[in-house]
Amino acid sequence: MADLNALVALLSARRPAEPPFVVAITGGVAVGKSVLAAQLAEAFAAMPDHPRVEVVCTDGFLFDNAALEAKGLGMRKGFPETYDVEGFRAALTAVRAGRATFPGYSHSTYDVDPALARTIDAPDVLIVEGLGLHIDHGVDASGRRLIDALIYLDAEPEHIEAWFTERLLALMLAAKNDPASFYARFLGLDEAGRLGFAKMVWERINLPNLTEHISAAKGIADIVVTKGVDHALDSIRAARGA
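Here the residue numbers are simple positions, counted from 1 along each chain's written sequence. It should be noted that, the model being predicted, local features are given only for residues of pLDDT at least 70 and side-chain atom pairs only at 80 or more, the latter also being counted only at that level, while totals for whole chains, interfaces and linings use all residues. Water and hydrogen atoms were dropped before computing side-chain values, which therefore reflect all heavy atoms in the structure.

### A short note on the nonpolar core
At step 1: Working definition of a nonpolar core: buried Ala, Val, Leu, Ile, Met, Phe, Trp, Tyr and Cys residues. They are joined through side-chain atoms within 4.5 Å. With a 1.4 Å probe rolled over the protein chains alone, any residue whose accessible area is under 20% of its type maximum counts as buried; one over 50% counts as exposed, and the rest are partly exposed. Leu11, Leu40, Leu92, Phe102, Ile127 and Ile151 are the most contacted members of the largest nonpolar core, which totals 68 residues.
At step 2: If you tally residues by element for this core, the top one is helix 5 (residues 157–174), at six residues.
At step 3: In what follows, residue pairs with any heavy atoms lying within 4.5 Å of each other are defined as contacts. Apart from the residues lying within four places of it in its own chain, the contact partners of Phe102 are Val56, Phe61, Ala91, Leu92, Val95, Ala117, Arg118, Ile120 and Leu126. A run of H or I in DSSP counts as a helix once it spans at least four residues, and a run of E counts as a strand once it spans at least two, with each numbered from the N terminus.

### Considering the packing of helix 1 (residues 4–12) against helix 2 (residues 33–45)
At step 1: Where helices are involved, their axes are fitted lines through C-alpha atoms of the stretch in contact, as for all axes, and angles between N-to-C directions lie from 0 to 180°. At a minimum axis separation of 11 Å, helix 1 and helix 2 run at an interaxial angle of 70 degrees. The orientation of helix 1 with respect to helix 2, classified from their angle, is roughly perpendicular. Seen along the crossing, helix 1 lies across helix 2 with a hand that is right-handed. Note on element contacts: helix 2 touches helix 1 through Leu36, Gln39, Leu40, Ala43 and Phe44, opposite Leu4, Leu7, Val8, Leu11 and Ser12.
At step 2: Side-chain classes follow a simple rule in which Ala, Val, Leu, Ile, Met, Phe, Trp, Tyr, Cys and Pro form the nonpolar group, Asp, Glu, Lys and Arg form the charged group, and the remainder, Gly included, forms the polar group. Of the residues that constitute the contact of helix 1 with helix 2, the class distribution is eight nonpolar, two polar and no charged. These descriptions rest on fixed angle ranges, namely under 35 degrees for roughly parallel, over 145 for roughly antiparallel, 65 to 115 for roughly perpendicular, and the rest for oblique. Note on convention: the crossing is left-handed when the near helix lies turned anticlockwise from the far helix by less than a right angle, right-handed when the turn is clockwise.

### So, the pairing of strand 7 (residues 125–129)
At step 1: Counting buried positions along strand 7 yields five of five residues, so the element is predominantly enclosed.
At step 2: By the convention used here, strands pair only if DSSP detects at least 2 bridges between them. Of the strand pairs in this sheet, strand 1 (residues 21–27) and strand 7 are connected by five bridges, and their pairing is parallel. Each bridged residue has a counterpart across the sheet, and for Val22 the counterpart in strand 7 is Leu126.
At step 3: Where strand 2 (residues 53–57) meets strand 7, five bridges bridge the pair, whose relative direction is parallel. Opposite Val55, over in strand 7, you have Ile127 as the bridge partner.

As far as function goes, none of this settles anything; it's purely spatial.
Shown next as C-alpha cells:
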C-alpha cells in the first residue's frame, strides 16, 4: 500500500526554485484525477512555506458542444481532437508569466460554461487535472516543457469502468432535481436502461480513448500512481527523469 506523503515527497523534489510549479494529473475517465488533485492541493498548502495552490481542469479546453457537433465529433468528446490544444498551451504559458484565464466546464450541462472561467494570478503551485495531457500537449512551440511533473493515474480497466458507471448513474439520478441538466433526457430510463447506456458509452468511447490515446501518457509520465479496486493508492513509481 502506498502513501500520499510518498507522492508529495517525489513531487517536492521536482519543485523548481522559481514558481509556479506546474503539476499535471491524467488517466482514464473516472479514475480519480480530481480527488487526487484536491488531496495534493491540500498537502502542498499545508507545507511550511504555505504556497498558494490552484487547481484547474482541462475540461474547459474542450471545444463546446456546438463546435463538436459541427465538426462531427459529438460522440468523440474527450478524444485528442476535441481539445483546444493551442488554448491550453497558451494558458500554461501565460500562467508562467504571472496570470492566465482558464475556461470552465459544467458536468451538469455537459458543456463548456463561460461563467465558470477562472483567472489565476501568480500561483506557487498549479495542479492541472484531466485529459488532453499526453504526447506534446504540455510542450510549447520551442519544445520547452510547460508541465514540471506529469502524473499518470492508473488502475485496471474493469475497476475504472465500475467507477465510471457509478458516477454516470449518479449524474442521471441527480437530474431529477435539475431540469437544466444534460442528463434529464435519461430520466425515462429504468435501471437496466441506465446501466446499458453506461456500458455503451464505456465500450464505444471511454475504453477506446483510454487504450488508444490516454494510456500513451503512462510512457512519458514522471510519476505513475496505481490504484486498487478500493480507490487506495497501491503503488507510486518515479519514471522519467528519476
